Structures are given as C-alpha cells and as structure tokens.
Amino acid sequence: MFKLQAILSYKYIFNGCNILLYIVLTAKYALNLISLVVDIMEKTCTDALPLTMNSSEKQETICIFGTGDFGRSLGFKMIQCGYSVVFGSRNPQMSSLLPNGAEVLSYSEAAQNSDIIIVAIHREHYDFLTELAEVLNGKILVDVSNNLKINQYPESNAEYLAQLVPGTRVVKAFNTVSAWALQSGALDASRQVFACGNDSKAKQRVMDIVRTLGLTPLDQGSLVAAKEIENYPLQLFPMWRFPIYLSAVLCIFLFFYCVVREVIYPYVYKKKDETFRMAISIPNRVFPIAALTLLALVYLPGVIAAILQLYRGTKYRRFPDWLDHWMLCRKQLGLIALGFAFLHVLYTLVIPIRYYVRWKLRNITVTQIANKDNPLSTSSAWHSDSYLALGILGFFLFVLLGITSLPSVSNTVNWREFRFVQSKLGYLTLILCTAHTLAYGGKRFLSPSTLRWCLPSAYVLALIIPCTMLVIKFILIMPCIDKTLTRIRQGWERNSKISSALNGKTDI
Amino acid sequence: MFKLQAILSYKYIFNGCNILLYIVLTAKYALNLISLVVDIMEKTCTDALPLTMNSSEKQETICIFGTGDFGRSLGFKMIQCGYSVVFGSRNPQMSSLLPNGAEVLSYSEAAQNSDIIIVAIHREHYDFLTELAEVLNGKILVDVSNNLKINQYPESNAEYLAQLVPGTRVVKAFNTVSAWALQSGALDASRQVFACGNDSKAKQRVMDIVRTLGLTPLDQGSLVAAKEIENYPLQLFPMWRFPIYLSAVLCIFLFFYCVVREVIYPYVYKKKDETFRMAISIPNRVFPIAALTLLALVYLPGVIAAILQLYRGTKYRRFPDWLDHWMLCRKQLGLIALGFAFLHVLYTLVIPIRYYVRWKLRNITVTQIANKDNPLSTSSAWHSDSYLALGILGFFLFVLLGITSLPSVSNTVNWREFRFVQSKLGYLTLILCTAHTLAYGGKRFLSPSTLRWCLPSAYVLALIIPCTMLVIKFILIMPCIDKTLTRIRQGWERNSKISSALNGKTDI
Amino acid sequence: MFKLQAILSYKYIFNGCNILLYIVLTAKYALNLISLVVDIMEKTCTDALPLTMNSSEKQETICIFGTGDFGRSLGFKMIQCGYSVVFGSRNPQMSSLLPNGAEVLSYSEAAQNSDIIIVAIHREHYDFLTELAEVLNGKILVDVSNNLKINQYPESNAEYLAQLVPGTRVVKAFNTVSAWALQSGALDASRQVFACGNDSKAKQRVMDIVRTLGLTPLDQGSLVAAKEIENYPLQLFPMWRFPIYLSAVLCIFLFFYCVVREVIYPYVYKKKDETFRMAISIPNRVFPIAALTLLALVYLPGVIAAILQLYRGTKYRRFPDWLDHWMLCRKQLGLIALGFAFLHVLYTLVIPIRYYVRWKLRNITVTQIANKDNPLSTSSAWHSDSYLALGILGFFLFVLLGITSLPSVSNTVNWREFRFVQSKLGYLTLILCTAHTLAYGGKRFLSPSTLRWCLPSAYVLALIIPCTMLVIKFILIMPCIDKTLTRIRQGWERNSKISSALNGKTDI
C-alpha cells in the first residue's frame, strides 16, 4: 500500500500539491495499512503472558466497590492472578465492560462476600459508606483514591475514610498504579505500591495481594503516611526542579553574555551581521560552560561539608538544611551536566558540515595560494589535538558516570564500588574537563586582545567554579589536613568529653 | 607473551605471511597467555559470593528426579542456599558430576526423603512415575520441563503430569531459568520464575524456595496457566516482531525509491556511475525518513483513539483489536525509530571524512579561485545552522525518551512523570524532528526542479505522516474539541442513561 | 548574583586577575547563591516520601546496641517504617543526635525491651557482651559489622560473636548498606541485604525486617557464609580486574608499537617531528585494535569449549578452571571493548576539526591547482564509504549488545532472547567490525610498502585473533561437525556406557 500511496502523492504534487487532499489520502492509506497488518499483529503482538481466567482451586474472594476504569482494571488483574472478584455497584444491572468471571451485586451484598473491600470510588462519594457501617464492620477497606492536586484536603482520603466508617481497618494502597497499565500488562511506570495502615495484619494481607499481582509492596508505616502516599503520584520530578531552574538561569545568562560579545559587539564596531551564530556557535559555548559549572557544583557540597567539619572539629552536628538538600540534588545536577556535555559534543561534531565553516575554510585556502608557503606548526597541532583528546576522555568518563547512576546498574555494585566510581572517577572527569577548557583557551587565556567591552571570552567564566573547587580540594587532601579530617570522620572531636569520643570510637 | 607473539608474527609475514601458520601460532600463544593468567584470575575472578556448602541447622530436604544438567545445577544452587538435596536416578551408581553434599538414591528411596519432588526429566519419560504413584501420593511435584516448540503438545507438561499421577499436587516452576545461569551464578537473563498450580499451599512452598534461591517468583494462578508458562521461554521478542517487519518494509521501499532517483536516474541521463552512493548517501536518506515515520506512528494511535472516542461520544467501548495491539507496540516502534535516528546521526557525522565529499569540496574551492569574490550569504548560514541545531535538539530529546523507557528508570518515576516524559517530551521531539526535516528541505520543498521522473526528493515522503499527525493533533487540542474529549474521558457520555453517567462520575 | 559576581571578576581580571581574590569572591558568591536558593529548595527538593514518625498500632520493638553513625541511621529508618527503637549505650545521657522517637538506655535495660538486638559496635569491643550473657540468652543478635580489609580475622565477626555469647541466635545482616544511604533515603547503591544464620526462624524474622525497610534480603544459608558476606562490601570490582589488566597491557603494547612506527621511524629517516600524533592519531589506532581484539576474546572461550567437547566426545566433564573463569569474564570483556569502540568513534569524528588535518587538506587542494584535472575515482569512493558504513553498523550493533547487557534490560528478556542477542547479534557485530578493519586496510594489507622496520601497520595485528576465531567458528558450524557437537550437547557420549547415555537422554 506504500507504493499505491506514493503514486497517489506524486499525482497530487503535480496537480499543485493540495495538502488537504494529502491528509485525507494518508488517513485513508493509514487505515488500509492498519486493516492489512492486523492479521500479522494477531500472530505477533500477543501479550507476554495472557493468563488463565478460571482456576479450579478454592480462591480468595475480593470485593471491589465501584465499576470505574480503575476498579474494572484492578478486578481484571486480580481475576488473572487467580482471585475471584465481586463488584459492588450502585446499580449492578447498569454496569458495563466488566471483566468476565466477575459478578456484580449491590454494595451491601458484595460486601458480605469478602472481608477485603477495595473502595474504587472518588472521595466525594464516600459518604454512602456510612449506611453500610454494620456490614463493613471489622472488614479491611482498601483506599485506592487519588486527589487532583497536592494537599487538596486537610486530611488524607484514607484517614477521612477511617473516620467515616470507624469499625473498619483501613489500608491505603494501589494509588500509584494506573488503570491502563494494570489492564494492558505494560507496567512500564512504577511497579511499586506504597501501603500504609494502622492495623498491621490488615496491611500484611493487602501487601500479599499486591505481591501476588506481580507488584512490589512497600510498607510505609501507619495511616499518617497516607497523605504523602496520596501526594506522591501528583509529584512531578521534585528532586529535579531546583537543578533544572539553576541550569536554566545559567544558560540564559551565558547565552546573553555570548550574544553581547559575539553578535552585538561585531555589529556595533564592524557592522557585520553575525546573528546566525545564535543557532550553533553560541549554544556551543553555552552548553559546555553550563556542563562544567554544574559538574563542579556536584562536588562542591562535599568540599563545603569537609570544611564545615574541620571548622567545627566534629562530625556530630547536623549540616545546614541547604547543604543536605544540595547533597541530595547532586545526582540530578550531574545528569543535567551530562546532558549539556552530550549536546556540546554533537554541536562540536557538526562543525565541519556547517556552511559557514566550509566557507571560511575555502577562504583560508584561497588566501593561502597567494602567499605560497605554509609550514605545519607542530605547536598548533599539539594544541588542537591535546584539547580535543582531553575533551573526548573527559566525556567518555562522564558517560561512564551517567551509566553507573542508572538504578539497575548502581543496584548491582556494592557501596565501596559505587563510592569509587562516583567520587574517584567523578573527580577525574572534572579534572579532565577543566584541563580541556584550559587547553582550549591556551595562550589566549585572559590576554587583553580577547576582551570585548572588557568582557573576557565566555570559557573563562566556565573555569571559575571548577578551578576554585579543585584548588580547595587539593588543599584538603594535603596530608596534614587530610589526617585531621579522617580522624574527625572516625568520631574524634576536637573539644570532646571522653564519653562521646568513646562512643565515636566503639560504635559503628 | 604479547611481545613474543608479535615478533613471531612479523617473521612469518616476511616469509610470505602464511595465514595458516598464523592461526596455529595464535592458538598456541592464546593457550600460553591463558595458562599464564590463570593465577591472576584465581585471585581476581572469584564469583561474587561463592557460598557455604555445609550448614549446621536442621535443613529442609528437597528431592530432585533426574541428574541431567538442569537437575544438577538446581541441586547445586539449592545446596548453596542451605537446603539438603537428594537426587533420584534410574541407576544411582552411574550418575556423575553431582554437586558435593548431595546423595543419589533410586527414585523411590529418594522420594521418601522429601515431600517436595522436582521432576527434572523430559516429558517423554514421565510415564515411569506411574509406578511410584503410592510413594508420591500427596507430595508436591514440581514440573520444570520445557518443550522444543510452542504448543508442541495438546496439554501442558504440568497438566499431563497431574493426570499421570493424580494423587500429587503439581506445581509448574523454574522452567524460565537456565542451567548454566544457576550454576555460574551469572543470572543475567530473567530472574523471574513463573509459578502456577491448583494447590495454593503447595504453590506457596515452591515460591518460598524460589525466593530463597534469590529469584523472584510470580504467581500465575492455576495450572491452566502452565501452557503459557511453558511457551514463554520459547518466545522470541513477540512484541518486537511487527515493528521490525514494518520498519524493514519501510526501509526496503525507501532504499529502492532513492536508488531510482539518485543512482539509476543520473546513470540514464548523465551516464554517471554513482553506485557508491548506496553505501552511505542513500542509507543516510533512508534512516532519517524511517525514524521520523516510525516516531509519528508511535503517536498516531493516541490520536486515532481520541477521534474514535469523539466519534462514539463515549469511552465505555473497547477499541478495535488492531488499535489495542498498536498501542502495546508503541514502545518498540519508538525504540526502533531511535535506532534509525542514531544511525542517521553517525552517517551524517562521518560525511566530512568521506573521500567523495572531500573531492567535491576541493573542486568547489578550485572553481572558486577562478571567480574571485564569494561573499558569505547569511541566509545560507542561517539555513544550514538552523536545521542542524533542530536536528541535534530533536535527537537529544529522543535519546532522553529512550533512556526513560529503560525498565529500571521507568520504575523509579511515578505514573504522572512517566506520562509527562513520554507524551509531552515525545511530541516535542516529533515537532523538532519534523521541523528539522522541513528546514532541511527549505526552499527546495516540492520545487519542480527537484523532481526526477516526477519523483520528489525522499525527505518529502518523510513529512507526510508526521505533518498529518501534527495537524490532527493540533485540531484536537483546540479548546472546544479538547473540552468535549476531556469530559468523555472523565466518564461523560453523549447519549447516556443517568446510571452509567453516575458510575462514570462517582467511580475511579 | 551571577551578574554581580561576573562584574566583580572582570574588575579583578583588569587589576591583573589575582586568582586568590577570585577564590575568596567565588566562595562568597557561592554562599550568597546558596542562601538565596534555600527557599526554592525547601519547596522543591523534598525527599520522595518523608515518612511518618508516630504510629498508633502496637509496634514491634527493636533494640540497637551502639549509637554510632550506622546505629543511628538504622534506628532512624526503622522508626520511619513503623518500628519502635531502643538504643543501648555505654553512657545513655551522653549520646547525641539520636532520631526523635527513640529512647536510650543502658545496654542491659535496652536488651530487656526486645528480643531482636542489633549490635552496631566494632568487633574490637564485642567482649563487653559476655557480661550481658544471661540477659541476651535466647535472643536474636544481628551482627552488622564490617572489617577494614578482606579476611582481616581468622573467623568472621558473626561467628566470633556467636562463640562469645553462646546462648544467643546470631544472624549476619545489613553490613552491605551504608549509613548515609539509610538516612538520606538515596539508596543508590545496592539495596540487597545478604543475611545468614544457623537458626532459620531468627533469620526469617530479620529478613522480614529487611523487607519492611524496603530492602531486598538474600538468604545465604548458615553462619559459615558470614565470611563471604563480610568480605563482599570490601571487594572492588573483582570480576573486572582481569579484563582491565588485560586491556591495559594490550593498550600499552599497541601504543608503543604505533609510536615506533609513526613517531620514531619518520624522525629517524625523515627528521620529521610527528610527536603530536601521540595525542589523537595513535590512540585512534590503539583503541579500535583493542576493541576488536577484546570483542574476539569474548567469543573465543565458547569456541574453545566446543573444541574441548568435540575432543573429549562428552559434555559430562568439567571445563578447566581458567575456561570457567574466562566465561564468567565475558560480559566485562565485552563492555570494555565497547568502551574502546566508543572512544574510537569519537576520535574518528573529530578528525576534520583537527588543525593538522585541515592543514593537510589545504595543501592537497593547493597542489591540485597546479595539475588541473582530478577526476572522481569511483573505486576510492566505494572504498572509503564502504568501510565507514561497515564500521557504523558494527558500532550500532555493539551499542545494542551493551544496552541488552544492562541488568534491568536483561531481566526483562527470557533466556532464549538473551542468548539470541548475545550470541547471534554478537557474532554479527564481530563479523562487521572485522570486515570494517579489512575494508579499511584494503589493498595496502601486508603490502611491503607499508612495512616500516619490518613492522606491518597496526591494524594487521587487530585482525589476528578475530580472523582465527571466525575461521574456527566457521569450521565448527559446518554440518558434519555441528551435528556431532549438537548430539554431544544433548547428552550423547562417544564412548559411553548405556546408563549415563540414558540419563543424558532422559533428564533435563
């Protein structure tokens, strides 16, 4: 059908390529294509394990209140995994699309069939449960509800439910999994199911169900945790927000800095239109600088912490909050830095393909023909090659760091190995990248000729934080200081009472 | 020994480099090398945790019928993890290579020692078990067998076993793990062990053993599931087959399309031999087109689904099968598209290294010397830079999408975050890549000059599906339509009875 | 504050850029920055689930001896997960920084509160526990200690503890998790907790606690395993050491080989200073050769194993240790090879940016102007394009192999799929890469003109092992040989007694 469609398309291009007709045709061909390939799919795209429906053993029965998407999907999954499911509905005869093998009853009837009742109903409609109080008495109510925004209500839905039907044992669970994922079996997003509840036996039973469904339950303690559990699925990369803000600010500042130096300046003085630099040349300055700065910011808190400990002469005092937070952001900062480095590499590698560059090189050649001789300057060769090599090695180690920070990889290494990679290799990366920038600068570094409106080349800014970092780090690893630091970290205190010193020494 | 070998090699190169002698020598040196490094290995390559054999506590005894590879490996692993193992064999004195610590008895004797019996025997030889009926009565038989091809027998091996020895409680398990992996401890492939059985207590006990061996059991319900479990290890990327077929067809078609335009056409008209284009130039057209088309096909089903829902005015009706299947293939389609994009990037970056390109550039320079002046055309600079920049950013986001689709990564994000990345970022990627193609085309887009035999440049084809997609999507997100769609997805139905509307509203 | 800082910096650059002042300023600005962004962080960087402290249910109480970092962190985590914790300390009133909700008592008092006691004390100070013998009698002691170096003591800490306080049930656990990870919740490194102990009930209870803390317990059998468990966190990539040594040796040898050919030789004969080649040109020869050789070494053991089996005529004999070890190193060898391949790609793609290359290309152009005509040689075009294409495809498959060897990916494929990717695709990669090298060599292969001091071009060395490999493999897959091999692998033995043949046939 591709051919057919292709032929059609040229015809229409000739008739003046009417784009609308295009869409119609393509839509039509798409549908043909689809209908034609369904049979292939039928053969090929079977779900990994389309599991059995009926089971001959005496099964546990679970009751689900509410026949909405989530209720149905959960029921479907449970039946797959060998439970028998009873739905409770306002009007059983009206409910549609229910998984086969499940029966639908009124709420009260359904409740009698099982001592585990999953409440798949929006919080706003919980109140009807009060009428069922005596039926529900002593049973396990599983609250699966989510809210539309974080901290929507004073108390969590689960706690509200517990107050509403006092006789029951409420457990919060399943709110982190999606209906579609349950039904399609494509559990790409989190398989983790956070569970909490005040009755540990009830919680255990629910967690067993979770396990049977092939999900991984995580006990989060008592029902007070419900609030956090309900907020969790509403979060959007909380740990990433600050690093992203920071890098955005950094990029914007650097971008304008470079625009001033490389677009406005030449325009003002030489009346040259160099706006096209904003597409590649300037981003290719901004990204590496941002990458190097962020990478340095990954290792800065460690250094600050060391200084603090030296200054305080003890490790037995908490770090300020901002430092703790910063430490928890390091991974994210590092990954964003890696992203920028990756972009820098791509932007650099396309250089020779750019029209502007080819044009420039041509001119150089042409001019060269005039003044015949042009010997190879070994120093220039060394210079260009060395900073390229440093850059490549730095990037390679950086990628390595990125890979080891993948959850599955970091899970397979022990703590010592993880520390080795993240600190030793990390510092090596930082050193290589800084060296790369220094080598790139070469002689031009801070030479007044490069100043425009007293602004130094952008890469000079890139060097500030990393160099500071490395200098301080270098001071810290000098034997004398390092010894004190190690002793402090082993529990020694400068002005200590015997006791805590002892504790520090004896305890792990 | 490297040096030695190196020296040898040159000698032989001189004597006319007799390749056979090479092989011999290399084999010899390889063996030297090996024997020499064994001692290093002894030190270094110890298995992560070569665990203890003997255990002082009262252990559970497990009986394994059959002393084949798998039986032995499983026994080995079990002894490692603190079980005591008894092998049952046709002729105990003959059995070899058994893990130390295990004893071998006749089937009936072995069976008496444990109430869990693992049947590590090919289905064809199950029949002898009938003789042991009374010994096996009430015991747990674990069927670990696999078949040679999918659906080889009418009923699954486990069910067959259950019929054969009625008194026993049969559990299907362990068929997904490999003997070699068990023994070497390198459980790279699936740690998942699917278990099913009609007696839930028996199943639980087997699943506990699985857990103790450091594997993750997945309950698949009753013995009816055995068939799927036995087919599972025989499957070869079922979900990938259709996407791969599709992309293969696409690539072949595009390849011939380009060959016609860029090899045959110039040959016919200009008698120029441009066959060498088939190595890089043409693939570098095919891959990006395939990538963009497949990426569009990832998001097409979502759009189609939306249209269907609008048309039907309800979400309470199943989608046609082909759409469901398509939706389940999206991830695979996307990853294949990423693969093509990756190839496109590499093929593009090597351009300046190609002999042909260097030759062309040289000629341009030479010709330019004739007509001296060649001013920089800012518009061309803008054009080349902008489409390169768009391409790079698009690829960067694409890689990001790929990374988040890694199981371990997608497991650490919640559903909202996953949706955000996969839909928002995904559409951004699609837009950037489409813009990249449009910018690449630039003015030439559909200009008759580019037509050869009425065939437009290949990249025009690349734009058909994505543009259609984006136009429809754009229409769908217009407020008026979007509002209706949202209401439908919240359970509202155009021509609904009160009830289901209510259900839709109240239930999750 | 960036601006402020920027402005400051130029001022100082002008005053002669006193770097020390720089550091001071940057430090100052860093602190401003930090204090300014804390409030953003407060909003954004909240820990994923900062969980509840108090829990209304009747909780299990756990006693922790020692108030060091690890003791405190573990206590903190346990309180989070709904346990109540009692610390035992030498001098309770002195202990600081304890998580709120925990009480501190003397050792003996604390011990009375719980029957699970976690001993978070260095082995050197265990002896005081003897005094508490009668209090501890019958209780579960959890040994969480680690040593400073592998096999520091004759017996493991856990066994030593068991001897010290005979009446107790000692379980080894938690030594693989880090204090910081427990407290920060950033459990990046291993979540696995190896547990062992002679009393299975005690072990079970500890493993349940581990599970409740959101970690994954792995039963390692009896207390004899404690030694390995205590050594585990002290290991540093044991499986990687040999592959890394090997590749280091390989690289160093190749590097000097190339230096001799490409730096010393021209210097001696043409007095040309080509030292700058050591930065990029030579590494870009070393890396691909190392990559190809290592890749071949990944598949060599498989071939050797096959030959051994053919030679012995049976599979029922163990392989020599070095072969087993080698087989377990294959993954690491392959990944290192991929690393080199990645570096080779980057080094190749920067070629056109290098000063030296641009200089050479300019000269070629200049010289060409003299002798006007320079027709396109199709063969050269084919040659350069084909080896580039082969290289790209080879690298692409190589990356694919790398991705599938990620733990999380290889966990989602079944054994057959894993084998397919790792063997079929692996061999295809090897073939493509070898072809790439052969095509690169082209006509020059072994032509005496390329010999310098009788040394052939480096890439010739790269071909030795892969070609040998492929030739042998090719012989092995010839029908006649392949059939025998298959039969052997199915359990057939050349000179076999009926019995074991039968076993081989019947058993899995």
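Residues numbered from 1 in each chain as written. Chains lettered and ligands numbered in written order. Predicted model: local features only at pLDDT ≥ 70, side-chain atom pairs only at ≥ 80, totals over all residues. Heavy atoms only, no water.

- In the annotation of an unreviewed UniProt entry, the entry for chain A reads Metalloreductase STEAP4 isoform X1, and the organism field reads Trichechus manatus latirostris.
- Quoted verbatim from the Sequence similarities (unreviewed entry) heading of the UniProt record, the comment on chain A is "Belongs to the STEAP family."
- UniProt annotates chain A under Subcellular location (unreviewed entry) with the comment "Endosome membrane". (UniProt positions renumbered as here; feature names shortened; annotations may be inferred.)

1. Focus on the packing of helix α11 (residues 283-312) of chain C against helix α16 (residues 415-441) of chain C
Residues and elements named next belong to chain C.
At step 1: At a closest axis distance of 11 Å, the pairing of α11 and α16 adopts a crossing angle of 140 degrees. Of the possible angle classes, the one that applies to α11 and α16 is oblique. Viewed along their axes, α11 and α16 form a crossing whose handedness is left-handed. From α11, Arg285, Leu292, Leu295, Ala296, Tyr299 and Val303 reach across to α16, where they touch Gln422, Ser423, Gly426, Tyr427, Thr429, Leu430, Cys433, Thr434, Thr437 and Tyr440.
At step 2: Of the residues contributing to the contact of α11 with α16, the split by class is nine nonpolar, six polar and one charged. (Axes fitted to C-alpha atoms, helices over the stretch in contact; angles between N-to-C directions. Helix = DSSP H or I, 4+ residues; strand = E, 2+ residues; numbered from the N terminus. Parallel < 35°, antiparallel > 145°, perpendicular 65-115°, else oblique. Left-handed = near helix turned anticlockwise from the far one by under 90°. Contact = heavy atoms within 4.5 Å. Nonpolar A, V, L, I, M, F, W, Y, C, P; charged D, E, K, R; others polar.)

2. Comments concerning the state of the cysteines
All names here are of chain B.
At step 1: By the definition in use, this model includes zero disulfides over all chains.
At step 2: The cysteine cysteine 433 is free of any disulfide, with cysteine 467 supplying the nearest cysteine sulfur at 12 Å.
At step 3: We classify cysteine 433 as buried; its relative accessible area is 15%. (Disulfide = S-S within 2.5 Å. Buried < 20%, exposed > 50% of the residue type's maximum accessible area, 1.4 Å probe, protein only.)

3. A few points about the sheet that holds strand β5 (residues 140-143) of chain C
All names here are of chain C.
At step 1: What the eight strands build is an open sheet, ordered β3-β2-β1-β4-β5-β6-β7-β8; its pairing is mixed. At either margin of the open sheet sits one strand with a lone partner, and together these are β3 (103-106) and β8 (216-219). Between one strand and the next, the sheet's axes are offset by a mean angle of 30 degrees, whatever the strand orientation.
At step 2: Here strand β7 (residues 192-197) runs beside β8; their pairing, made up of four bridges, is parallel. Bridge assignment links glutamine 192 to a residue of β8, and that residue is threonine 216.
At step 3: In the packing of helix α6 (residues 157-164) onto the sheet, contacts are made with β4 (116-119), β5 and β6 (169-172), and the angle to β6 comes to roughly 170 degrees. (Pairing = 2+ DSSP bridges.)

4. Overview of the domain arrangement of chain A
At step 1: One can read the domain layout of chain A as domain 1 (61-234) and domain 2 (238-369 + 378-497).
At step 2: The distance between the C-alpha centroids of domain 1 of chain A and domain 2 of chain A comes to 49 Å. (Domains from an automatic or database assignment.)

5. Examining the sheet that holds strand β2 (residues 84-89) of chain B
Residues and elements named next belong to chain B.
At step 1: Strand order in the open sheet formed by eight strands is β3-β2-β1-β4-β5-β6-β7-β8, and the pairing between neighbours is mixed. Looking at the sheet topology across the chains shown, the edges are occupied by β3 (103-106) and β8 (216-219). Neighbouring strand axes in the sheet, compared pairwise and without regard to direction, differ in orientation by 30 degrees on average.
At step 2: Sheet topology note: the strand β5 (residues 140-143)/strand β6 (residues 169-172) ladder contains four bridges and is parallel. In the sheet register, leucine 141 faces β6, and the bridge partner there is valine 170.
At step 3: Along the sheet, helix α8 (residues 200-212) makes contact with β1 (61-65), β4 (116-119), β5, β6, β7 (192-197) and β8, crossing β8 at roughly 155 degrees.

6. Quick notes on helix α16 (residues 415-441) of chain B
All names here are of chain B.
At step 1: With 27 residues, α16 should cover 39 Å at 1.5 Å per step; its first-to-last C-alpha distance of 38 Å lies within 8% of that length.
At step 2: Along α16, the helix axis deviates most sharply at glycine 426, where the bend reaches about 25 degrees.
At step 3: Positive phi appears at glycine 442, one or two residues downstream of α16, with a value of about 60 degrees. (Expected span 1.5 Å × (residues − 1). Bend = angle between axes of the 7 residues up to and from the residue.)

7. Side note on the UniProt feature "transmembrane region" (unreviewed entry) in chain A
All names here are of chain A.
At step 1: Sequence positions flagged by UniProt for "transmembrane region" (unreviewed entry) are, in local numbering, residues 12-31, 244-269, 289-311, 332-353, 386-404 and 458-481.
At step 2: Here residues 332-353 runs as 82% helix and 0% strand, with 33 Å between its end C-alpha atoms.
At step 3: As annotated, residues 386-404 has a helix share of 100% and a strand share of 0%, and its two end C-alpha atoms lie 27 Å apart.

8. Here's the deal with the packing of aromatic side chains
Aromatic ring pairs are defined here through the distance separating the ring centres and the angle between the ring planes.
At step 1: Enumeration according to the criterion identifies 57 aromatic pairs over all chains in this entry.
At step 2: Seen from their ring centres, tryptophan 322 of chain C and tryptophan 326 of chain C are 6.4 Å apart, and the 45 degrees between their planes marks the pair as tilted. Within this pair, tryptophan 322 of chain C and its partner tryptophan 326 of chain C are both found in helix α12 (residues 321-349), separated by four residues, close to a single helical turn. Exposure class is identical for tryptophan 322 of chain C and tryptophan 326 of chain C. Each is buried.
At step 3: Through pairs of rings, three or more aromatic residues link up here, namely Phe65, Tyr107 and Phe128 of chain A.
At step 4: Seen from the ring of tyrosine 267 of chain A, lysine 271 of chain A lies directly overhead, with NZ or CZ sitting 5.3 Å from the centre.
At step 5: When the ring centre of tyrosine 160 of chain C is taken as origin, the NZ or CZ atom of arginine 123 of chain C, which lies over that ring, is 4.3 Å away. (Phe/Tyr/Trp six-rings, centres within 6.5 Å; stacked < 30°, edge-to-face > 60°. Lys NZ or Arg CZ within 6 Å of the ring centre and 35° of its normal.)

9. Notes on the pairing of β7 of chain B
All names here are of chain B.
At step 1: Among the six residues in β7, five count as buried, and that is most of the element.
At step 2: Sheet analysis places β6 next to β7, joined by two bridges and oriented antiparallel. By the bridge assignment for β7, valine 171 is matched with glycine 197.
At step 3: Handedness of the β7-α8-β8 crossover: right-handed. (Right-handed = clockwise from strand over helix to strand, strands pointing away.)

10. Looking at empty space enclosed by the protein
At step 1: By the definition in use, this model includes eight cavities of 30 Å³ or more.
At step 2: Taken as a whole, the largest cavity holds about 380 Å³ of empty space.
At step 3: Sorting the residues of the lining of the largest cavity by element identifies α13 (355-370) of chain A, α13 (355-370) of chain B together with α13 (355-370) of chain C as the ones contributing at least two each.
At step 4: Looking at which element gives the most residues to the lining of the largest cavity, the answer is α13 of chain C, with five residues.
At step 5: Across the lining of the largest cavity, the residue classes break down as seven nonpolar, three polar and six charged. (1 Å grid on protein atoms, 1.4 Å probe; cavity = no way out; pocket = protein on both sides within 12 Å on 5 of 7 lines; lining within 4 Å. Points joined across faces, edges and corners; volume = space filled by probe spheres on them.)

11. Quick notes on a positive patch on the surface
At step 1: On the surface, Arg241 of chain A together with Arg416, Arg419, Lys424 and Arg489 of chain B cluster together to form a positively charged patch.
At step 2: The element best represented in the positive patch is α16 of chain B, accounting for three residues.
At step 3: Turning to its location among the elements, arginine 416 of chain B is positioned in helix α16.
At step 4: Judged by relative accessible area, arginine 416 of chain B falls into the partly exposed class, the value being 41%. (Patch = residues over 30% accessible without salt bridge, like charges linked within 9 Å, V, L, I, M, F, W, Y side chains within 5 Å. Areas by Shrake-Rupley, 256 points an atom, 1.4 Å probe, with all protein chains shown as cover. Salt bridge = Lys/Arg side-chain N within 4 Å of Asp/Glu carboxyl O. Lys, Arg positive; Asp, Glu negative; His and termini not counted. Charge placed at Lys NZ, Arg CZ, Asp CG, Glu CD.)

12. Thoughts on the confidence of the model for chain A
Caution is warranted with low-pLDDT regions, since their predicted coordinates should not be read in detail.
Residues and elements named next belong to chain A.
At step 1: Of all residues in chain A, 83% have pLDDT values of 70 or greater, and the mean over the chain is 80.
At step 2: Averaged pLDDT values for the elements of chain A fall to 42 in helix α1 (residues 2-14) and rise to 93 in helix α11 (residues 283-312).
At step 3: Within the model, pLDDT remains below 50 along residues 1-28, and this stretch shows 33 contacts once partners closer than five positions in the same chain are excluded.
At step 4: Note on residues 30-57: pLDDT is under 50 here. Beyond four places in sequence and across chains, it has 57 contacts. (pLDDT = per-residue confidence, 0-100.)

13. Things to note about the nonpolar core
At step 1: If you look at the biggest cluster of nonpolar residues, it comprises 240 residues, and the most contacted ones within it are Leu294 and Leu323 of chain A, Leu294 and Leu323 of chain B together with Leu294 and Leu323 of chain C.
At step 2: Sequence-distant contacts of leucine 323 of chain C, that is, excluding residues within four places in its chain, are made with Pro301, Ile304, Ala305 and Leu308 of chain C. (Core = buried A, V, L, I, M, F, W, Y, C linked by side-chain atoms within 4.5 Å.)

14. Considerations on unusual backbone geometry
At step 1: One non-glycine residue, phenylalanine 174 of chain B, adopts positive backbone phi at about 70 degrees.
At step 2: Residue placement: phenylalanine 174 of chain B occurs in the loop between β6 and α7 (179-184).

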